[in-house]
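Each chain, written out:
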Amino acid sequence: MVTAASDVRALVDSVVDPELPMLTLADLGVLRDVSVDGRRVTVTITPTYSGCPAVAEMRADLVRVLKRGGYEAEVNLVLSPPWSTDDITPAGRARLSAAGIAPPGRVEPGPVLLSLSPTPVPCPRCDGRDTERTSRFGPTACMSLWRCRTCREPFEHVKAI
Amino acid sequence: MDTFEDHENAYAGLLDDGTGEGHWAFGTGFDDPLAGVDTTIPDGVDAGVLAATCLALADDGLVHAQRLAEWIAHGPEVEEEIALANIALDLIGQTRMLYVRAAAADPGVLDGLPTGSVAAEDALAYFRGPEAFRNVCLTELPRGDFAFTVVRLFALSSWRLARFSELREHRDPVLSAIADRGLKELDYHRDHAARWLVTLARGTEESRRRTEAALEAVWPWTSELEGMPEEDWSIVLGRAGLAVPQGRPSAYDGRAGRHTEHLAPLLTTLQEIARAHPEGSW
């Protein structure tokens, strides 16, 4: 039996990250709450980075998808506890790898000031360990740029935060 | 799961708010960065002081981000432009949340500013004059060369990180959460600056000379950075092989609204189009 709640859940689960479309918002770990009251839905999400421009689009997508499903939706933000890449699901990590983006490692506690060179991130294409970081920052707020010395391909890596 | 058809035009979904009235043209974003967040002030927290704290940190972020953005199309390499732009973007995000929090805590901060179709965060960013800004003066100094940018970034990010660590314990849950969200971002900013500082100091004769000059230029302005962590400087200057400069402290006080002559031209560039067409929408 399809209840309103499971119907809503399916709709919400269909919304993907605008920049990383292989991940649903659920995979990304930004969904904090979904509550249903008849045809009214309230979704609560948390921003990834402070300045992430994709948050506005996530909210617009959620409202649009739910509206098509016959629901009036409101999307609220919650800031605490802050999002961490540890919240990305194992399925999400696997999908990132499959798409050629190296998933984040576990978040290390404590500051990173002048820490030793980063542990090489395995290449998502050939699994080589001889990789190097070419830039701490990348095309989106969440990524850094790497290259693999074995297969010679560059790749993006989601930074642990 | 495929909603690609929704993203054919990246702006279509964002612009259609269903009212047919369009959005104010010059806003930083099309969205409320604190939508649905409970901004009730807890007992025992003074609204005016809270708003002033948020406003000052927001002004720091806005002005420093503007200087960082001046490197776009002028950087030593594209990866560095991306790095500085990403750092500026993080600061803008923090700034937006802080402006909204300030206005929610004390609507008086918007007195005299346009409020019709203009969101509070945009009124604060685009329609205040330099005398109303409370950023520390180090943020408003001109872009400088790359060494200056890096030393300034290290000073400001190290200080902001320490400040945000304290603010994570603030009684206001919104400010506490904004600080918590910004901590790891600032950690990356500080590390990026530190690595460059050490690299430049230990590089060529030219890069060392410029780094020493940058340190001499930045140091007097650090007198405004209350609670600046000395251990960070010890670690980084130690690795760089540089000595702490002796300079006299700055005579200005950005937190009291006493700014250098550099803030007004910066704000003119940032604000002029919005001020020329205050009712613009699209």
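The rules we used
- Along each chain, the written sequence defines residue order, and numbers are assigned to residues from 1.
- To label them, take the chains in the order written and letter them from A, then take the ligands in the order written and number them from 1.
- Totals for whole chains, interfaces and linings use every residue, but because this is a predicted model, local features are given only for residues with pLDDT of at least 70 and side-chain atom pairs only at 80 or more, for both listing and counting.
- As a rule here, side-chain values cover all heavy atoms of the structure and leave hydrogens and water aside.
- Here a strand pair is declared whenever DSSP counts at least two bridges between the two strands.
- Secondary structure follows DSSP: runs of H or I at least 4 residues long count as helices, runs of E at least 2 residues long count as strands, and numbering of each begins at the N terminus.
- Every angle, taken between N-to-C directions, lies between 0 and 180 degrees, and every axis is a line fitted to C-alpha atoms, over only the stretch in contact when it is a helix.
- Note on contacts: a residue pair is in contact if any heavy atoms of the two residues lie within 4.5 Å.
- When a residue's accessible area, from a 1.4 Å probe over protein chains only, is under 20% of the maximum for its type it is buried; when over 50% it is exposed; and in between it is partly exposed.
- Buried area is calculated as the accessible area (1.4 Å probe) missing from two parts once they are joined, with the contributions of both summed.
- Each salt bridge in this description consists of a side-chain nitrogen of Lys or Arg and a carboxyl oxygen of Asp or Glu lying within 4 Å of one another.
- The directions from the helix axis to the C-beta atoms are what the arc is built from.
- In this scheme Phe, Tyr and Trp rings, the latter by its six-membered ring, pair at centre separations within 6.5 Å, and the angle between planes marks the pair as stacked below 30 degrees, edge-to-face above 60, and tilted otherwise.
- In our convention, an over-ring charge means Lys NZ or Arg CZ found within 6 Å of a ring centre and within 35 degrees of that ring's normal.
- Look down the strands so they point away from you; if going from the first strand over the helix to the second traces a clockwise path, that crossover is right-handed.
- A residue's pLDDT is the predictor's confidence in that residue, given on a scale from 0 to 100.
- Side-chain atoms within 4.5 Å are what join buried Ala, Val, Leu, Ile, Met, Phe, Trp, Tyr and Cys residues into a set we call a nonpolar core.

## Concerning the sheet that holds strand S2 (residues 40-45) of chain A
Residues and elements named next belong to chain A.
Then, in step 1: Taken together, the 3 strands give an open sheet; going across it, the order is S1-S2-S3, and neighbouring strands pair in mixed fashion. Here the strands that pair on one side only, and so sit at the sheet edges, are strand S1 (31-37) and strand S3 (72-77). Taken over all neighbouring pairs, the strand axes of this sheet differ in orientation by 15° on average, direction set aside.
Then, in step 2: Taken strand by strand, helix H3 (residues 54-68) contacts S2 and S3, and its axis lies near 160° from that of S3.

## As for the environment of Asp43 of chain B
All names here are of chain B.
Then, in step 1: Among the secondary structure elements, Asp43 is positioned in the loop between helix H1 (12-15) and helix H2 (47-69).
Then, in step 2: Taking the relative accessible area as the measure of exposure, Asp43 reaches 74% and is therefore exposed.
Then, in step 3: For the pair Asp43 and Asp172, spaced 129 residues apart in sequence, the C-alpha separation works out to 9.3 Å.

## Considerations on the sheet that holds strand S6 (residues 143-148) of chain A
The strands making up a sheet associate through backbone hydrogen bonding, with each pair oriented either parallel or antiparallel.
Residues and elements named next belong to chain A.
Then, in step 1: Ordered in space as S4-S7-S6-S5, the 4 strands form an open sheet in which the pairing is mixed. Both outer strands of the open sheet, strand S4 (101-102) and strand S5 (131-135), are each paired with one neighbouring strand and no more.
Then, in step 2: Note: S4 against strand S7 (residues 154-158), 2 bridges, orientation parallel. Residue pairing for S7: Ile101 is matched across the bridge by Glu156.

## Digging into the interface of chain B and chain A
Then, in step 1: Of the residues lining the interface, 45 residues belong to chain B; the matching set on chain A comes to 46 residues.
Then, in step 2: Both faces considered, chain B and chain A share a buried interface measuring about 3,900 Å² in area, 60% of it formed by carbon and sulfur atoms.
Then, in step 3: On inspection of chain B and its partner chain A, the count reaches 2 salt bridges.
Then, in step 4: A salt bridge links Asp191 of chain B to Arg136 of chain A, with the shortest nitrogen-to-oxygen separation between them at 3.1 Å.

## Observations regarding helix H4 (residues 90-98) of chain A
Residues and elements named next belong to chain A.
Then, in step 1: Gly92, Arg93 and Leu96 are the residues of H4 that are buried. Within H4, the buried residues cover an arc of 100° as seen down the axis, which keeps them to one side. Away from its buried face, by an angle of more than 90 degrees, H4 presents the exposed residues Pro90 and Ala98.
Then, in step 2: Among the structural elements, helix H2 (25-28), S4 and S7 are those in contact with the buried residues of H4.

## A word on the packing of aromatic side chains
Then, in step 1: A complete count under the given rule lists 5 aromatic pairs over all chains for this structure.
Then, in step 2: When the centroid spacing of 5.9 Å and the interplanar angle of 90° are considered together, the rings of Trp71 of chain B and Phe146 of chain B count as edge-to-face. Placement of Trp71 of chain B in the loop between H2 and helix H3 (78-105) and of Phe146 of chain B in helix H5 (residues 146-167) is noted, with a sequence separation of 75 residues between them. Residues Trp71 of chain B and Phe146 of chain B agree in their burial class; the two are buried.
Then, in step 3: Taking the relative accessible area as the measure of exposure, Phe146 of chain B reaches 13% and is therefore buried.
Then, in step 4: Here the aromatic residues Trp71, Phe146 and Trp196 of chain B are joined through ring pairs into a cluster of three or more.
Then, in step 5: The aromatic ring of Tyr71 of chain A is capped on one face by Arg39 of chain A, whose charged end is 4.1 Å from the ring centroid.
Then, in step 6: The cationic tip of Lys159 of chain A hangs over the ring face of Tyr188 of chain B; the distance from NZ or CZ to the ring centre is 5.0 Å.

## Some details on the pairing of S3 of chain A
All names here are of chain A.
Then, in step 1: Strand direction decides the pairing type here: S2 and S3, joined by 6 bridges, are parallel. Across the sheet, Thr44 pairs through a bridge with Asn76, a residue of S3.
Then, in step 2: Between the parallel elements S2 and S3, the chain passes through H3 in a crossover that is right-handed.

## Details of the confidence of the model for chain B
Then, in step 1: A residue-level look at chain B finds 89% of positions with pLDDT of 70 or above and a mean pLDDT of 90.
Then, in step 2: This prediction of the complex comes with two scores: 0.92 for pTM and 0.91 for ipTM.

## Some words on the pattern of salt bridges
Then, in step 1: Under the defined criterion, the tally for this structure stands at 26 salt bridges over all chains.
Then, in step 2: Ionic pairing is found between Arg255 of chain B and Asp60 of chain B, a salt bridge with its closest N-O pair at 2.8 Å. With Arg255 of chain B in the loop between helix H8 (230-240) and helix H9 (263-276) and Asp60 of chain B in helix H2, this residue pair connects regions lying 195 residues apart in the sequence.
Then, in step 3: Judged by relative accessible area, Arg255 of chain B falls into the partly exposed class, the value being 28%.
Then, in step 4: Owing to a relative accessible area of 4%, Asp60 of chain B belongs among the buried residues under this scheme.
Then, in step 5: When salt bridges that share partners are traced, they join Asp130, Glu132, Arg147 and Arg149 of chain A into one network.

## Describing the nonpolar core
Then, in step 1: In this structure, Val43, Ile45 and Leu66 of chain A together with Trp233 of chain B are the most contacted members of the largest nonpolar core, which totals 122 residues.
Then, in step 2: Ranked by residue count, the leading element in this core is helix H6 (residues 173-201) of chain B, at 14 residues.
Then, in step 3: Counting residues in each nonpolar core, the second largest holds 6 residues, with Ala102, Val121, Trp146 and Phe155 of chain A among its members.

## Focus: the environment of Pro265 of chain B
Then, in step 1: Along the chain, Pro265 of chain B turns up in helix H9.
Then, in step 2: Counting along the chain gives 210 residues from Pro265 of chain B to Leu55 of chain B, while the straight-line C-alpha distance between them is 20 Å.

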